[in-house]
Each structure stands twice: as structure tokens, then as C-alpha cells.
Amino acid sequence: MLKKTVLLTILLLSAFYQLAAQKNTLRGVVTDTLNQPLSGATVMLLQPADSTLVKFGITGNKGQFLLEKLPEGSFLLQIAYLGYENWEREVVSGKSLTDSQLGVIPLRPLTAVLSTVEVKADYVPLRIKKDTIEYNAAAFGTKLNAVVEDLLKKLPGVTVDRNGTIKAQGETVKKVLVDGKEFFGDDPKMATQNLPADAIDRVQVFDKKSDMAEFSGIEDGQGTITINLSLKEDKKKGYFGKVKGGASPDRYEGKLNVNRFGQKVQTSILGMFNNTNEPGFSFNDYINMMGGLGNLMNGGGSMSLNSEEVGLPLDSGRKNQGFTTTNAGGVNLNTQLSKKTKLHASYFLHALNANNDLEGFQTNIVGSRQFANRSAVETHQQKLGHRFNTNVETKIDPTQTLKWRTNLGWTAKQLTSEGQGFTIGQNADLENKTHRTRDNESTNFRLSSNLTYLKKFAKKGRLLTTSFGLERGETDGTGTLQATNQFFTSVLMIDSLWQQQTDDNQLFNHYLGATFTEPIGKTTYLTVNYDYQKFDAEQEREVADIMAEASFFNPQLSNHFRRKFRAHLTGLNIRRVRKKWKANVGVQLQQSVLDGLLSAQDIQLKKRFINVLPKASFNYDFKTSRSLRLDYQTSVRPPAVAQLQPIVNNSNPLNLIVGNPDLRPEYLHTLRLNFNSFDQFSSIHIFARAGLTVTDDKILNARTIDEQFRQTTTPVNFGQTVQYNTYVSFGAPLKFLRSRFDLVATAKRERGNFLVNNLASKYENQRLQLDASISNKNTEKVDLLVGYQWTQNHTKYLGSSQPNIVYSDQLLYGDLSLHLKDTWTLSNSLDAQYYSAAVFGKATRRIIWSLSLNHHFLASKRGTLSLSVEDILNQNVGINRYSQLNFAQEQRIQSLGRYFLVSFTYALSKFGKENITIKQRGR
């Protein structure tokens with residue numbers, strides 16, 4: 001019902017804008033003085049008084065242009081093309097003239113010869129060049145000292161959520177480049193949250209082709225949504241950056257960002273230190289270090305869920321995840337070693353100290369029984385991590401290229417936690433109680449390297465790609481676990497344990513692959529590929545029981561497991577490329593062997609699998625800014641090493657986990673449909689995406705819950721899981737408000753099975769979200785964003801009397817910046833969130849309001865003095881909710897509350913001359 005409502009809303013809004021605009025049109029053809037069409041010329045309709053942009057577009061292949069739905073009035077029509085004189089004329093749009101034919105408009109070439117030219121760019125907001133959308137940064141004003149992330153939020157078709165995740169045309173951006181070069185590896189936030197917005201000239205959004213496609217010029221459909229930040233010419237030689245320091249009686253923060261760019265060398269240095277919960281440059285590091293918030297739950301009905309499985313709405317921007325002190329820094333280098341070889345290298349250091357106080361509540365439904373788990377856990381965690389990346393590319397000659405990429409990481413972690421949990425039965429009776437203390441230390445080493453060779457042959461389109469890669473990893477950990485469990489039956493039962501645990505995990509993977517492409521005619525290509533994959537893993541776990549200060553080896557909980565997975569993949573693809581469409585059909589045969597050895601039990605595993613993996617894709621470009629893409633893929637997902645071991649993991653004594661050596665790989669079918677439409681004249685966009693994933697032989701966590709509500713979880717293959725997801729993004733200008741309206745609707749649905757006490761049940765989980773916002777376009781005096789978000793989770797049980805689990809959350813958010821005179825800025829940020837009482841027992845309202853006053857001074861306003869107050873109402877608390885299968889859980893994290901900070905920021909910059917000197921031959 002909601003999806004129908006969303007689609008109807010979008011259609012009505014679209015119709016509203018269509019009807020609101022007049023049907024006046026303006027058309028013509030742009031040529032040079034020799035009557036040759038000029039493709040890509042910029043056509044702008046401006047207000048005569050202040051040159052405000054009313055409509056814009058670019059000419060087509062034959063020089064034609066069409067401006068539709070023009071409002072009534074007198075306007076200035078301007079046409080520009082590089083190397084030609086601008087053409088201007090006053091035009092009138094009214095009721096009596098609905099279609100103006102301007103005919104052929106010839107542009108005269110520039111004849112003046114200058115030794116020095118001052119370039120002033122017209123603020124054309126957007127250009128579309130084949131598969132690239134290019135935004136002119138100057139047309140989207142940002143406040144002083146803004147970063148690239150602030151700029152991206154203003155671009156039509158681009159969204160940045162409150163965690164900093166970027167989406168373009170409805171798809172997540174996986175890579176951000178700076179002048180076509182990598183910036184601190186593959187983390188997009190490193191560039192968007194550190195580079196200043198005023199250094200950017202153009203923002204280019206495109207589907208980055210694979211190495212083979214870029215090398216050959218033949219598209220293979222393996223692209224990645226990428227943003228390239230093109231620097232201003234005057235920023236490409238010299239240095240720029242910022243230094244910031246701030247303090248109050250109990251808080252401090254500092255940041256350093258220096259970029260030195262030259263013709264052959266680009267260097268960037270980043271640094272930060274704070275105790276204000278700024279999580280460093282990658283928030284994922286923080287969550288991974290915690291091992292997933294779900295792992296901190298206690299009680300007989302809880303499940304071990306990591307952060308990737310849960311998909312929690314973690315909000316780094318609002319700093320509501322405990323109390324964290326961070327020190328981090330890194331250096332990024334891009335250099336041209338020779339005419340044929342270029343190098344990218346980066347090093348990153350991250351030290352983190354986190355204290356968390358968590359409260360958890362989980363409600364469980366098992367047939368006619370219903371029970372709840374409550375937990376309270378205090379954790380202290382420390383982490384020190386190093387990451388080093390290199391990427392070397394050598395063009396041996398015009399027909400051969402060699403690429404070598406290496407990633408190296410080392411991390412040391414310490415975790416201490418103490419907590420207690422309760423299980424409460426149907427009649428509010430206390431069923432069990434646990435107290436647990438953990439102390440763990442671990443180190444992790446990971447090395448991966450990939451070498452790729454690409455070769456073109458004399459025949460156009462014939463090429464060979466070979467690649468070799470390896471991965472080496474090792475994790476060592478030691479720790480102690482103490483737990484006391486009480487069971488309140490007719491007779492009070494108490495058990496306790498004190499154990500020392502040692503883990504040694506190693507992996508060694510490598511693969512070898514080759515792909516050969518042969519053209520068949522002018523538009524069809526045949527591709528043959530072979531890949532060999534080898535994944536080896538070894539896990540050794542020793543558990544000793546400590547009694548009377550002596551330790552005794554526990555063979556039931558100890559284990560030494562080796563796993564070897566071999567796969568041979570042979571594939572055949574046929575790809576056809578036409579002007580408007582591309583199609584690909586292929587199939588792979590995968591032959592795999594899974595070997596395992598449990599040393600302690602002398603159990604050997606050996607399984608063989610043969611899978612046929614078809615795939616197909618189809619792309620159709622209706623026109624420059626409207627496209628449709630359909631993809632179908634199949635894949636095989638083998639069980640993880642831990643899932644295969646029939647050994648008890650008692651990290652949570654009330655939630656034991658036992659592996660299953662009889663597991664089979666999952667077989668996945670994935671279907672994706674994408675539709676993108678962007679009207680460059682009206683700035684209306686619709687991006688839609690739908691997906692379907694069917695998983696056969698799904699690996700489920702079967703659970704057994706006894707009368708004392710102790711739980712044992714074992715993975716098993718059972719039935720099929722079907723997942724649906726839809727995404728629709730609609731945006732359009734509100735001209736009467738000089739603002740923009742954006743609506744994003746998402747729906748995710750999963751149907752599957754779960755097993756509790758050997759009884760199978762079917763469930764359907766649905767998550768719906770609507771996000772509507774309005775932002776103003778003229779930001780010289782006021783910069784405003786107001787939005788509302790509604791989220792609902794609904795889990796229902798098919799063919800069962802179990803009650804459904806339904807709850808919803810609401811968020812009203814806003815950002816307001818007032819530019820007072822030329823030197824003062826007042827900024828507000830507010831989140832008002834409402835969490836419903838359903839399932840979790842009580843409703844919660846939380847308002848997070850932050851305010852800052854900034855004074856810009858010194859030469860060129862390089863200095864900024866700020867007074868900021870975070871969480872003025874002192875209501876900050878992290879709330880994370882999640883539901884799946886037969887349970888729903890909520891976690892609350894005590895977090896940093898109200899504080900103020902006085903800070904000073906200084907902008908560094910030194911560049912060469914900004915004028916362009918044109919040297920002419922013979923003069």
C-alpha cells in the first residue's frame with residue numbers, strides 16, 4: 001500500500017509541475033559561420049535584471065536546442081561556445097506566442113589575439129556528456145569554509161545522508177577521485193569530508209569502467225558509480241588546506257588538512273585529535289572494532305548479529321555512540337614516476353579509545369510463548385591501526401599496460417566489558433540472570449596484492465587480460481571469560497565458569513584468471529574467461545578452565561580446524577554494443593571442492609559441487625539523460641569457516657553457538673532494474689531502482705530454547721529466502737519559493753523461514769521509509785534545509801497465530817545558516833526524533849540542537865573564530881532498533897551530552913598566478 005502511495009505521490013507532483021509551467025517553447029539551431037552545427041553549446045535563459053538563471057540546456061549533435069515550459073515575461077537568451085563570441089538576444093514569452101522559432105543562429109569565432117587572457121566562467125549549473133553528469137561548482141554556492149560534502153548536498157540528483165554516505169542517481173558512490181587520482185584509497189569520505197569546497201571547479205558523476213573496458217574502449221557493463229572532483233586551475237599548483245584548534249574546560253579538538261599539488265606530484269596530509277566523539281576519517285573502523293553492537297546483547301533469546309547484518313542507522317554526524325577519544329593521521333601521494341609509470345600511495349594511522357554504557361531490550365516470540373531479554377553492558381575499548389595502500393600503473397607501450405595494487409594493514413585491539421542480563425517470561429517472571437566479564441587482546445595482520453596485465457592486439461577489439469592475486473591474513477587473540485548464571489526454576493540453579501581462551505586464525509587465498517575478447521563484426525564481441533580460486537583457512541582455539549588458580553585444558557571447547565576451498569570457473573560471454581543499447585549474455589561453469597579437517601575429532605570433510613551460473617544484462621539510453629538498465633546474475637556463497645565447526649562457542653554462556661560440517665553453499669539469483677531520468681531544462685529528476693534476490697539452500701540459524709531460556713544456535717540449510725527492495729528519488733524546483741523539493745522512498749521486504757525448537761515457521765519482514773525535504777537555492781543570505789523522515793518496521797508471521805511485530809520512528813530535521821553582513825555566520829542544526837512505544841514498552845522523544853556563531857576575519861577571511869554549543873538541551877542518547885525473524889531489539893547508548901567549544905580555523909593557501917598566459921608561435 002505504501003509503495004502505491006509513494007508512486008501516486010510522485011506522479012501527482014510531476015503532474016503538478018507540468019501543469020504549473022506554461023507551455024511556451026523556444027527552439028533553434030546553433031552553427032558556426034560555415035553553417036556547421038555546434039554540438040554542446042550552452043543555451044541559457046536569464047532574468048535581465050540580475051542574470052538569474054531561468055532555463056538552461058545544451059545543443060544536440062545537430063546543434064539543435066529546445067527550451068520548454070517557459071514562464072511568461074521578458075528574458076535574455078544567451079548562447080556560449082568555447083572559442084566563439086557569446087550570442088545574446090532579448091526574447092518575450094507570453095500567451096500569444098507559445099512556440100518561438102529562432103531558426104539558425106551562427107556564432108562568430110573569437111578573432112582577438114591576446115598574450116594574457118582573464119577567464120570568467122558563466123555559471124552553467126550542469127552539463128551532460130554521454131554517460132557523465134558534470135556540475136559547475138560555482139553555480140551551487142556554499143558557505144565559507146565549507147567542505148566538499150556540503151557542496152555535494154546541493155547538487156540535484158546527489159544525496160548525502162547523515163552518516164556521510166553519498167548516493168548519485170540512486171546508487172551508492174563507491175569511489176571519489178581528485179583530478180582523476182585516488183585519495184586515501186577507496187573511502188569516499190576521506191575526500192568529501194576533508195577537501196574544501198572552494199577548491200573544486202567541477203564535480204563529475206559517471207559510471208567508472210573496469211580496467212579492461214578503459215583499456216580497450218569496449219564497455220563490459222562492470223562499472224562503478226564514481227565522483228571525480230576536478231580542481232580549479234589555480235589550485236593545481238601550490239598548496240591549500242586548513243588548521244583548526246578548539247577547546248573548553250573539558251573538551252578539545254584539532255584538525256589539520258594540507259594539500260600540495262604540482263604538475264607531477266600531489267601530496268595531502270591529514271591529522272586530527274579530539275575527545276568530542278568525532279570518529280576519525282572512517283566511522284566503519286569504529287563499528288568493526290566494537291564487533292557489532294548486537295554482540296553485546298545478553299540473555300537466552302538474543303542472537304549474535306554483526307553491524308553488517310543489522311544495518312543499524314548509526315549516526316556519526318550526531319555523535320551519539322558513547323564517549324570516544326580519537327587520534328588519527330595520514331598522508332596521500334600521487335606522482336608521475338616517469339612518462340610511462342604513475343604511483344599512488346597512502347598511509348593512515350588511527351588510534352581510538354572508547355567507553356560505552358549500553359542498555360538492551362529484546363522481545364522474542366516462540367509459538368504461544370513470549371519472553372524478553374534485558375541487558376546492561378559497560379565496555380572499554382582501545383584500538384591502534386595502520387593501513388598502507390599502493391597502486392602502480394605502467395604503460396609498457398600503447399598496446400600493453402601493467403597494474404599492481406597492494407593493501408597492507410595491522411591492527412591491535414583491547415576490549416574489557418562487564419555486564420548483566422535478565423530473561424523475563426510470559427507472566428513477568430524472572431527466568432534467568434547472568435553476570436559476565438570479558439577481557440580480550442588481539443592483533444590482526446592483513447596483506448592483499450593484485451597484479452593485472454592488459455594486452456591489445458593488432459586486430460581492433462581483440463585483447464587479453466590476465467590477473468594474479470593473493471591475500472594473507474592472521475589474527476591472534478587471548479582473553480578471559482567469567483560468568484555466573486542463575487536459573488529461577490522450582491529449585492534455584494547456579495552455574496559459573498572462568499576460562500582462558502586463545503585463538504589463532506590464519507588465511508591464505510590466491511587466484512589466477514585470464515580473459516580473452518574477440519570481435520565478431522563491428523558491434524559484437526565474444527569473451528572467454530577462466531579463473532582458478534583457492535581459499536585456505538585455519539583456525540585454532542584453545543580453552544582452559546581455571547579452578548583454584550590452576551588451568552585445565554577443555555577438549556570439548558577447543559578445536560583445530562583447516563578448510564580448503566578450490567574453484568575452477570570457465571565462462572563464455574557474448575556482448576553487443578549499439579548506439580542506444582548494449583546487451584550481454586553469458587554463462588559460467590563452476591566446479592568447486594570443499595575440504596575440511598577437524599584435528600581434535602579426527603573428522604574429515606570433502607564435498608564437491610558443480611554449478612551453472614548464467615548472467616545477462618541490458619542497457620538502453622532513451623536519450624542523453626534518461627536510461628534503463630536490467631541485470632541478472634547468479635552466484636554461489638560457501639559457508640564461513642566458523643559455521644562449519646561442530647564445536648561449542650560459549651562466549652555468551654546463555655547463547656551457545658555450534659557449527660555444522662554438513663552445510664552446503666547457498667545459490668543466489670539476483671535481478672536488478674534501474675531507471676534514471678534527469679531533465680536538464682526543468683531540473684526535475686526521477687531515479688528508480690528495484691531488486692530481487694532469491695537464495696536457495698539458505699543458511700539459517702536454527703535455535704533451540706530450553707525451559708531455562710538457554711539458547712543453542714546452529715546453522716543449517718533450509719528452504720528459500722526471497723528479498724525485494726525498491727528505491728525512488730524524486731526532485732524538482734519550487735520556483736515560487738526559489739527552493740527545491742526532494743522525496744526519497746525506500747521499501748525492503750524479505751520472506752523466509754526460521755527454525756525454533758525444530759519447528760519451522762515463515763515470516764515476512766518489511767521496512768518502509770519516506771524522506772521529504774525542502775532546501776533553498778539562493779544561499780547568499782540564508783541557507784536552509786528542512787526535512788521529515790518516517791520509518792516503519794513490520795514483521796508478520798504467515799500461517800501462524802503469533803502476533804506481528806510493528807513499530808515506527810519519525811524524524812524532523814533542519815539546518816539553518818544565516819549570513820550576517822560579510823563577516824558573521826549563525827548556524828543551527830536540529831534533529832527532533834520520536835520513537836514509538838510499540839513493542840519496546842515506552843515512547844521516546846529526543847531533540848538534539850546545536851548552534852554555532854562564526855566570525856570571519858583576517859586577509860581574504862582566512863581566519864574564523866567560532867563559538868559552538870552541541871546538544872543544547874542535553875538529550876543526546878544513541879538509540880538503535882532492529883527486528884527480524886521472531887524478535888525485535890532496541891539498544892540505548894549513553895553518549896556525550898551538552899558541551900561548548902571555542903575554536904579558531906585558519907585557511908592555508910598559496911598559488912601561482914591565476915591568469916592564463918597564451919604563448920603564440922613566431923612571436
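Please read these numbers as outputs of a predicted model, since none were measured by experiment. Along each chain, the written sequence defines residue order, and numbers are assigned to residues from 1. At least 70 in pLDDT is required for a residue's local features to be given in this predicted model, at least 80 for side-chain atom pairs to be given and counted, and no such filter applies to totals for whole chains, interfaces and linings, which use all residues. Side-chain metrics in this entry use all non-hydrogen atoms of the structure; hydrogen atoms and water are not considered.

1. Digging into the overall build of the protein chain
Helix and strand counts for the protein chain come out as 7 helices and 51 strands. Of all 923 residues assigned to the protein chain, the portion counted as buried reaches 48%. Across the protein chain, the fraction of contacts at a sequence separation of at least 24, relative to all contacts at a separation of at least 6, is 65%. A total of about 44,700 Å² of accessible surface is found on the protein chain, and carbon and sulfur atoms cover 55% of it. Numbering of helices and strands runs from the N terminus; a helix is a DSSP stretch of H or I covering at least four residues, while a strand is a stretch of E covering at least two. Burial classes follow relative accessibility: with a 1.4 Å probe on protein chains only, a residue under 20% of its type's maximum area counts as buried, one over 50% as exposed, and anything between as partly exposed. A contact between two residues is defined here by any heavy atoms of the two lying within 4.5 Å. We get accessible surface area from the Shrake-Rupley algorithm with a probe of 1.4 Å; when it comes to residues, only the shown protein chains can shield them.

2. Description of the pairing of strand β14 (residues 175-178)
Side chains Lys175 and Leu177 project from β14 onto one buried face, and the interleaved Val176 and Val178 project onto a second face that is buried too. Strands are treated as partners if at least two bridges between them are detected by DSSP. Direction of pairing for β14 relative to strand β17 (residues 224-231): parallel, over a ladder of 4 bridges. From the neighbouring strand, Val176 faces β17, where its bridge partner is Ile227. Sheet topology note: the β14/strand β15 (residues 181-182) ladder contains 2 bridges and is antiparallel. Its bridge partner being in β15, Leu177 is matched across the sheet by Glu182. In sequence, β14 turns back onto β15 through a hairpin of 2 residues, with Asp179 there showing a positive phi of about 55 degrees.

3. Some details on the environment of Gly473
When you line up the elements, Gly473 lands in strand β26 (residues 463-488). Put simply, Gly473 and Asn444 are 29 residues apart on the chain and 7.5 Å apart in space, counted from C-alpha to C-alpha. Discounting chain neighbours no more than four positions away, the residues touching Gly473 are Phe445, Arg446, Asn505, Gln506 and Leu507.

4. A closer look at the pattern of salt bridges
Every case where a carboxyl oxygen of Asp or Glu lies within 4 Å of a side-chain nitrogen of Lys or Arg is listed as a salt bridge. Tallying each qualifying case throughout the model produces 25 salt bridges. The shortest N-O distance in the salt bridge between Arg710 and Asp706 comes to 2.9 Å. What makes Arg710 partly exposed here is its relative accessible area of 29%. For Asp706, a relative accessible area of 26% puts it in the partly exposed group. Overlapping salt bridges, with partners in common, bring together Asp809, Arg881, Glu890 and Arg892 in one network.

5. Focus: unusual backbone geometry
Leaving glycine out, the prevailing phi sign among residues is negative, and the prevailing peptide bond configuration is trans. For Val839, which is not glycine, the phi torsion reads 70 degrees and is therefore positive. You can call Val839 partly exposed: its relative accessible area is 29%. One non-glycine residue, Leu858, adopts positive backbone phi at about 70 degrees. Looking at where Leu858 falls in the secondary structure, it is placed in the loop between β46 (844-857) and β47 (863-870). Relative accessible area serves as the criterion here: at 48%, Leu858 is assigned to the partly exposed category.

6. Topic: the nonpolar core
Soluble globular proteins tend to pack their nonpolar side chains together in the buried interior. What makes a nonpolar core is a set of buried Ala, Val, Leu, Ile, Met, Phe, Trp, Tyr and Cys residues whose side-chain atoms join them at distances within 4.5 Å. In this structure, Leu152, Val203, Ile227 and Leu229 are the most contacted members of the largest nonpolar core, which totals 36 residues. By residue number, the principal contributor to this core is β17, which donates 4 residues. Those residues in contact with Leu152, other than ones at most four positions away along the chain, are Val158, Val160, Ile166, Thr192, Val203 and Ile227.

7. A short note on the sheet that holds strand β11 (residues 158-160)
Taken in spatial order, the 3 strands make up an open sheet running β11-β12-β13, and their pairing is antiparallel. Each end of this open sheet is capped by a strand with a single partner; those strands are β11 and β13 (171-172). Here strand β12 (residues 166-168) runs beside β13; their pairing, made up of 2 bridges, is antiparallel. Directly across from Ala168, in β13, lies its bridge partner Glu171.

8. As for a nonpolar patch on the surface
A cluster of nonpolar side chains, Val243, Leu256, Ile269, Val331, Tyr347, Leu384, Phe388, Leu408, Trp410 and Phe445, forms an exposed patch at the surface whose accessible area comes to about 740 Å². Only β23 (369-397) and β24 (400-424) provide two or more residues apiece to the nonpolar patch. Inspection of the secondary structure puts Leu408 in strand β24. Only residues whose relative accessible area exceeds 30% and that form no salt bridge enter a patch; like-charged residues are grouped when within 9 Å of one another, and nonpolar side chains (Val, Leu, Ile, Met, Phe, Trp, Tyr) when within 5 Å.

9. Some points on the side chain of Thr693
Assignment of secondary structure puts Thr693 in strand β37 (residues 684-696). For Thr693, a relative accessible area of 15% gives the class buried. Leave out the neighbours within four places in its chain, and Thr693 touches Leu668, His669, Thr670, Thr721, Val722 and Gln723.

10. Remarks on the packing of aromatic side chains
Aromatic pairing here means that ring centres of Phe, Tyr or Trp (its six-membered ring) are within 6.5 Å. Orientation follows from the plane angle: under 30 degrees is stacked, over 60 is edge-to-face, and everything else is tilted. One pass over the full model with this rule turns up 14 aromatic pairs. Ring centres of Phe535 and Phe565 lie 6.2 Å apart, and the angle between their planes is 5 degrees; this geometry places the pair in the stacked category. Separated by 30 residues along the polypeptide, Phe535 in strand β28 (residues 524-547) and Phe565 in strand β30 (residues 559-577) bring together distant segments of the chain. The exposure class of Phe535 is partly exposed, given its relative accessible area of 25%. Of the residues examined, Phe565 reaches a relative accessible area of 4% and is grouped as buried. Judged by centre distance (5.0 Å) and plane angle (75 degrees), the ring pair of Tyr807 and Phe840 falls under edge-to-face.

11. Things to note about the environment of Ser836
Within the secondary structure, Ser836 is located in the loop between β45 (824-835) and β46. Of the residues examined, Ser836 reaches a relative accessible area of 9% and is grouped as buried. As a C-alpha pair, Ser836 and Gln810 span 26 residues in sequence and 8.3 Å in three-dimensional space. Reaching out from Ser836, the side chain makes a polar contact with the backbone oxygen of Ser808 at a distance of 2.9 Å. We call two N or O atoms a polar contact when they sit within 3.5 Å, provided that within protein one can donate a hydrogen and the other can accept it, with sequence-adjacent residues counted only if both atoms are side-chain atoms.

12. Let's talk about the pairing of strand β36 (residues 666-679)
Note: strand β33 (residues 626-637) against β36, 12 bridges, orientation antiparallel. Counted as the bridge partner of Asp631 is Arg672 from β36. In the sheet, β36 pairs with β37 via 13 bridges, with the strands oriented antiparallel. Bridge pairing links Leu673 to Ala690 in β37.

13. Focus on the environment of Asn655
Relative to the helices and strands, Asn655 is located in strand β35 (residues 655-658). We classify Asn655 as buried; its relative accessible area is 3%. Sequence-wise, Asn655 and Thr713 are 58 residues apart; in three dimensions their C-alpha atoms are separated by 7.2 Å. Within the structure, Asn655 has its side chain in polar contact with the side chain of Gln711 (distance 2.7 Å).

14. Here's the deal with a negative patch on the surface
By the counting rule applied here, Lys and Arg register as positive and Asp and Glu as negative, while His and the ends of each chain are not counted. To locate a charge, the coordinates of NZ of Lys, CZ of Arg, CG of Asp or CD of Glu are taken. Together, Asp357, Glu359, Glu378 and Glu418 give the surface a local cluster of negative charge. Along the chain, Asp357 turns up in strand β22 (residues 341-366). Using a relative accessible area of 30% as the deciding quantity, one classes Asp357 as partly exposed.

15. Points about the confidence of the model for the protein chain
Residue-level confidence of the predictor, termed pLDDT, takes values from 0 up to 100. When pLDDT is averaged along the protein chain, the result is 81, and 85% of the positions lie at 70 or above. Put simply, helix α6 (residues 307-310) is where the protein chain has its lowest mean pLDDT, 26, and β47 is where it has its highest, 95. The low-confidence segment residues 913-923 (pLDDT under 50) makes 17 contacts with residues lying over four places distant or belonging to another chain.

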